[in-house]
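Spelled out from the first residue to the last, the chains are:
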There are 2 protein chains.
Amino acid sequence: MKIIEFFELSIGRWRSQRSGHHLAFAHFEEVLSTIDIESLSHDDPAVQEICKLYDADLSSITHPFRMTWEGESDWDDKPISGSTVLVPIPDSENHSTGKLLREKGYAEIIPAVGKYHLSDDGIFTLVTEYDLAAAEERIWFANPNLRFRVSLIKTSNGKGVTTASFSSEIRSLSSSTS
Amino acid sequence: MKIIEFFELSIGRWRSQRSGHHLAFAHFEEVLSTIDIESLSHDDPAVQEICKLYDADLSSITHPFRMTWEGESDWDDKPISGSTVLVPIPDSENHSTGKLLREKGYAEIIPAVGKYHLSDDGIFTLVTEYDLAAAEERIWFANPNLRFRVSLIKTSNGKGVTTASFSSEIRSLSSSTS
């Protein structure tokens, strides 16, 4: 699989089943959500703003997208929802590695730059370092309509892991995003 | 990471937290268990028996081990427990790929031969095909005392996935296996 294919396959509506493991206490969290991944054009205002924020050249980016999620956790009565815009910048020499610019990170509510690579196995790994923590995500497709995602929240030195979560994401074929 | 390191790091007692996703119904299963992975010598009777069963030469094998698990699921009152012996046979030319002989498979109670490979990312993938299903496992270490495992049960054509599970496995440093 090429990275372009990976980004293109990701577009769509996904029904996500997520299990969180809080490692120190062996606690489980269960989340059901809907995730929409929507392709954006290079001249979308949100994309232009992110490029400006990071001082990135519009010609260096590829496949920008918006991710929106809405769901419920068994740990919290309040619905979980959010949205973020992500902008990949492939490394010029090697298109299976690059940077991912993001409006907001998972672990902290500030802009974040992650580094990604796609392995020879078709596993996309994204590592994002924050001030006090680091996040590592691994995403791969079992088939075009089913993908898996493992997310780790690590201590800032990258050695300890505080939480790990696993998502099974099934493409929703029944309806278009509203 | 080399495959030898992978097998050696796996030896020990692990506290496992596993979430099962039953994809069609978005059901969750929660399992807590203890897994013991114990190195066996080449002349262990169980190892010799497996080699005989598969007509494998003892000189072709490496790092045979016994895996024993004992735990509880929130889906079932009965404790989950079992044990199996596994015997890796590296491909002669390329040591990051090989076969894994197994006394008993997960999906069916018959002997099974899996094919493994270790990616450049250090992710060990094992694919085992049965008559009516296939199993795919991915295992990797976050650090020497923490590993993750994603297991899929697939339809026999390998395209559909019926269940996916995710395990966080923390090395138990407190006591030796009794």
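Right above here is the structure, for reference.
All values derive from a computational prediction rather than experimental measurement.

Quick notes on the rules
- Residues numbered from 1 in each chain as written.
- Chains lettered and ligands numbered in written order.
- Predicted model: local features only at pLDDT ≥ 70, side-chain atom pairs only at ≥ 80, totals over all residues.
- Pairing = 2+ DSSP bridges.
- Helix = DSSP H or I, 4+ residues; strand = E, 2+ residues; numbered from the N terminus.
- Axes fitted to C-alpha atoms, helices over the stretch in contact; angles between N-to-C directions.
- Contact = placed C-beta atoms within 7 Å.
- Buried ≥ 20, exposed ≤ 12 C-beta atoms within 10 Å, placed from the backbone.
- Arc of directions from axis to C-beta.
- Least-squares fit on C-alpha atoms with pLDDT ≥ 70 in both.
- Nonpolar A, V, L, I, M, F, W, Y, C, P; charged D, E, K, R; others polar.

Asker: Account for the sheet that holds strand S10 (residues 161-171) of chain A, with residues named and values stated.
Answerer: Sheets are built from strands paired through backbone hydrogen bonds, the pairs being either parallel or antiparallel. All names here are of chain A. The ten strands are arranged S1-S2-S3-S4-S5-S6-S7-S8-S9-S10 in a closed barrel whose pairing can be described as antiparallel. The average undirected angle you get between the axes of adjacent strands in this sheet is 25°. Summarising the sheet, strand S9 (residues 146-155) and S10 pair through nine bridges and their orientation is antiparallel. In the sheet register, Leu-146 faces S10, and the bridge partner there is Ile-170. Across the sheet, helix H2 (residues 45-54) is in contact with strand S4 (76-90), strand S5 (97-102) and strand S6 (112-118); its angle to S4 comes to roughly 70°.

Asker: Report on helix H1 (residues 3-10) of chain B, specifying residues and quantitative values.
Answerer: Residue and element names in this part refer to chain B. Every buried residue of H1 is accounted for by Ile-3, Phe-6 and Ser-10. Around the axis of H1, the buried residues are gathered within 55° of arc, so they sit on the same side. The positive-phi residue at the C-terminal boundary of H1 is Gly-12, with phi of around 140°.

Asker: Give a detailed account of the relation of the copies chain B and chain A, specifying residues and quantitative values.
Answerer: One chain copy maps onto the other through a rotation about an axis and a shift parallel to that axis. Mapping chain B onto chain A calls for a screw motion: a turn of 180° about the axis and a shift of 0.0 Å along it, with 0.0 Å RMSD after fitting. The operation mapping one copy onto its partner corresponds to a two-fold rotation axis. Comparing contact sets, 100% of the residues at the interface of chain B also lie at the interface in chain A, consistent with an isologous, same-surface contact.

Asker: Break down the interface of chain B and chain A for me, with residues and values.
Answerer: Between chain B and chain A, the contact holds 25 residues from the first and 25 residues from the second. The greatest single-element share of the side of chain B that touches chain A, amounting to five residues, is contributed by strand S10 (residues 161-171) of chain B. When its residues are assigned to classes, the side of chain B that touches chain A shows 14 nonpolar, seven polar and four charged.

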